[in-house]
Amino acid sequence: NNMAASGATHLNSSKLNLGILRDFYRREFLESIDKCIGSKALVWDDGLTGPFGLIAEASLLKEQHDVERMFRLQSSGLPTSNVQNIIFIVRPRLSLMEIISQCLLSEEMKGGYVRKEFYLLFVPRKSLLCEKKLKELGVYGSFASVEEFNLGLIPFDSDILSMEMDELYRECYLENDFTSMFFVAQSLMTLQVLYGTIPYVYGKGDCAKHVVDMMRRMKMEMGGIEPQITPQIDNLLILDRNVDLLTPLLSQLTYEGLIDEIFNIKNTNVKLPPEKFITPEERKASKDEALTEPKKFILNSSDELFAELRDKNFNAVGGIVSRKAKTITAEFDERHAAKTVGEMKQFVSKLPHLQYARTSLGIHTSIAELIKEVTDSDEFLDSLRCQQELTHGIETDKVNPYIEDCIAKEEPITKVLRLVCLQSVCNDGLKPKVLEHYKREIIQTYGFEHMVTLFNLEKSGFLKPHAARTYQVIRKSLRLIMEDVNEQSPNDIAYVYSGYAPLSVRLAQYLARPGWRSITEVLNLIPGPKVEEVQQIPIGLRKRRASVTSSQSSMGEQKLTLVFFLGGVTQAEVAALRFLAQQDDGGTDYIVASTNIITGHRLIESLKESIEAVRLNPF
């Protein structure tokens, strides 16, 4: 099972049981495929296998639901099979409709003894455009049914949920398409059906307001039918990504954040270069062949060591790993001291856990070595120095010499764009001649096709002409820059970026205590409207609060806040919220939900435009 043991990240009893949500989606999905009677083959859109793997394991589908084969959707068609039903499970994308049509046509040409029924399941919604495309291609009539399955928030771990909508930021801020907000609102309604109405709703940003308005409409359409459950979540905070564009542009410095920055974690899975993970036996077996197949690992808090390391600043990881190694060695050495049968038995009973811990230690030692190779490099350290100068507001209004060097060396374009956008955000926009200089240098060095990408970055708010100074005021008022941050045993969320506190998480921190009223003026400088709403809870369903003052609430009952990021959240922000939840005086526990998990690289990539040069025939 991909899901983690609940609550291993920190052992607060106020956590939600996210298994209830996973079971809900699993049940709905199994019901939708069980409508087809008989043997089945599922044909998966590549982008959906990861998310569905977290709610319904392949073994369950095969053993209990007549799923005999599973195929990837590809234009080369489907492998031969004798199943009665073929179910295509896809996102509503026009490019995929072409591939489905090719698969259906090649199946018809094969013929065969078994008459096959075809079904189409769109996730999360049907699309009129896609259905029209299938009709144009002449295959729509081949389907016995065309349905939709609304997969909303997928539990990734005991305190994190993602909708895995990677295009959302682009759709909302570049294409002005807010369709996805409907699915966010719907997934929040589902959450409240399972865990009770959330009494207090707060938000900041245009998309947040959209979502809250839609939830209000959906509630009215339900005709006042309330979930008859005592609310398990006390507050909902919805934040637009463009409320804080600075945080994702910086290099994350937590263990999990760096794994994601360097190797890309996808649906809690990461693929790593194999050299570091080869056992001597495997090395012998492979003889001299180059080992090219990456090693795949699942990263979640069911791995005790990963649960301990994931949110630490990378500079603190080495110490923890070496302490752990000493402990495990000492525990293995106990076998020499075991004299009596009872002592031997006791050692043997601990053995499986010890062996698991030793394997895990080996894996994380190797991962840390891979990260260290990157973080010790001049490229990484120079980039980090540049980022820290910009966030401190040092010479942000001039052309940055380090960025110029990166362009001259033709470093990856995404790295360059990320730094230029960072400078723009830290300077509240760039002076026209600085912006023009960067654009000219980028187009001359990397090619004219990047003009559209630069336009996209301007339209979506990353690059803009210089405006009134607000960043400095926000930075000082909310203490975003913390000098002398202790990376080993931190006392502030700024440790996740070695001295910069994510603005998004500061907003959550102030909301919990002393409340947003204390920062009204600063909130007005941040883009987008502020939302505050109370959802009435019937008296019989209200929580019976122990009579404790807020300063005692950590000893009494912790409040649970769901922080929902629209447009993506970074692993470092998740780490900062977990850090707040662990504070003795916090009084608030957090669960994080997001439309997807992002890094600065993936966010910039999603706004890039790939344009091929077209050669014109003069004749």
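Residues numbered from 1 in each chain as written. Predicted model: local features only at pLDDT ≥ 70, side-chain atom pairs only at ≥ 80, totals over all residues. Heavy atoms only, no water.

1. Quick look at the overall build of the chain
Of regular secondary structure, the chain possesses 24 helices and 15 strands. Structurally, the chain occupies a C-alpha span of about 90 × 75 × 70 Å along its principal axes. Each of the 619 residues in the chain was classed as buried or not, and the buried ones make up 53%. Taking as baseline every contact in the chain between residues at least 6 positions apart, the subset at least 24 positions apart corresponds to 79%. Taken as two groups, the 73 positive and 83 negative side-chain charges of the chain have centres that lie 2 Å from each other. (Helix = DSSP H or I, 4+ residues; strand = E, 2+ residues; numbered from the N terminus. Buried < 20%, exposed > 50% of the residue type's maximum accessible area, 1.4 Å probe, protein only. Contact = heavy atoms within 4.5 Å. Lys, Arg positive; Asp, Glu negative; His and termini not counted. Charge placed at Lys NZ, Arg CZ, Asp CG, Glu CD.)

2. Re the domain arrangement of the chain
Per the domain assignment, the segments making up the chain are domain 1 (9-151), domain 2 (265-376) and domain 3 (379-470). The C-alpha centroid of domain 2 is placed 36 Å from the C-alpha centroid of domain 1. Facing four residues of domain 1, the contacting portion of domain 2 comprises five residues. Note on domain 1 versus domain 2: buried area summed over both sides is about 340 Å², and carbon and sulfur give 57% of it. Our count for the contact surface shared by domain 1 and domain 2 stands at zero salt bridges. (Domains from an automatic or database assignment. Buried area = accessible area lost by both parts, 1.4 Å probe. Salt bridge = Lys/Arg side-chain N within 4 Å of Asp/Glu carboxyl O.)

3. Considerations on the pairing of strand β3 (residues 85-90)
On any regular strand, side chains alternate: one points to one face of the sheet, the next to the other face. Of all six residues that make up β3, six are buried, and the element is covered over most of its length. Burial of the side chains of β3 extends over both faces: N85, I87 and I89 are buried on one face and I86, F88 and V90 on the other. Here strand β1 (residues 40-44) runs beside β3; their pairing, made up of five bridges, is parallel. The residue of β3 that forms the bridge with A41 is I86. Bridge count for β3 against strand β4 (residues 117-122) is six bridges, and the pairing is parallel. Looking at β4, one finds that V90 is bridged to F122. (Pairing = 2+ DSSP bridges.)

4. Thoughts on empty space enclosed by the protein
For the coordinates displayed, the defined rule picks out two cavities of 30 Å³ or more. Approximately 80 Å³ is the volume attributed to the largest cavity. Taken together, M189, Q192, V193, T197, K219, M222, I225, E226, P227 and Q535 make up the full set of residues lining the largest cavity. Taken together, the residues that form the lining of the largest cavity break down as five nonpolar, three polar and two charged. (1 Å grid on protein atoms, 1.4 Å probe; cavity = no way out; pocket = protein on both sides within 12 Å on 5 of 7 lines; lining within 4 Å. Points joined across faces, edges and corners; volume = space filled by probe spheres on them. Nonpolar A, V, L, I, M, F, W, Y, C, P; charged D, E, K, R; others polar.)

5. Structural notes on the pairing of strand β8 (residues 200-204)
Of all five residues that make up β8, four are buried, and the element is covered over most of its length. Sheet analysis places β8 next to strand β9 (residues 235-240), joined by five bridges and oriented parallel. In the sheet register, G203 faces β9, and the bridge partner there is I238. Bridge count between β8 and strand β13 (residues 530-534): five bridges; the pairing is antiparallel. In the sheet register, Y202 faces β13, and the bridge partner there is E532.

6. Quick word on unusual backbone geometry
Residue P124 is reached from V123 by a cis peptide bond, and omega for that bond is 0 degrees. Note that P124 resides in the loop between β4 and α5 (128-136). Going from R513 to P514, the amide bond is cis rather than trans, its omega being 5 degrees. Following the sequence through the fold, P514 ends up in the loop between α21 (503-512) and α22 (520-525). In this structure, D66 takes a positive phi of about 60 degrees despite not being glycine. Of the residues examined, D66 reaches a relative accessible area of 44% and is grouped as partly exposed. Although it is not a glycine, S498 adopts a positive phi angle of roughly 50 degrees. Tracing the backbone shows S498 in the loop between α20 (471-477) and α21.

7. So, the side chain of D244
As for its placement among the helices and strands, D244 is situated in the loop between β9 and α9 (246-249). A polar contact is formed between the side chain of D244 and the backbone nitrogen of L246, at a distance of 3.3 Å. Ignoring sequence-local partners within four residues, the contact set of D244 consists of Y500, P502, L503, S504 and E573. (Polar contact = N/O pair within 3.5 Å; in protein donor to acceptor, adjacent residues only side chain to side chain.)

8. A word on the packing of helix α17 (residues 413-426) against helix α18 (residues 432-446)
Look at α17 against α18: their axes get within 12 Å of each other, and the N-to-C directions meet at 175 degrees. When the interaxial angle is binned, α17 and α18 end up roughly antiparallel. The segment α17 lies against α18, with I413, V416, L417, V420 and Q423 engaging V434, Y438, I442 and Y446. (Axes fitted to C-alpha atoms, helices over the stretch in contact; angles between N-to-C directions. Parallel < 35°, antiparallel > 145°, perpendicular 65-115°, else oblique.)

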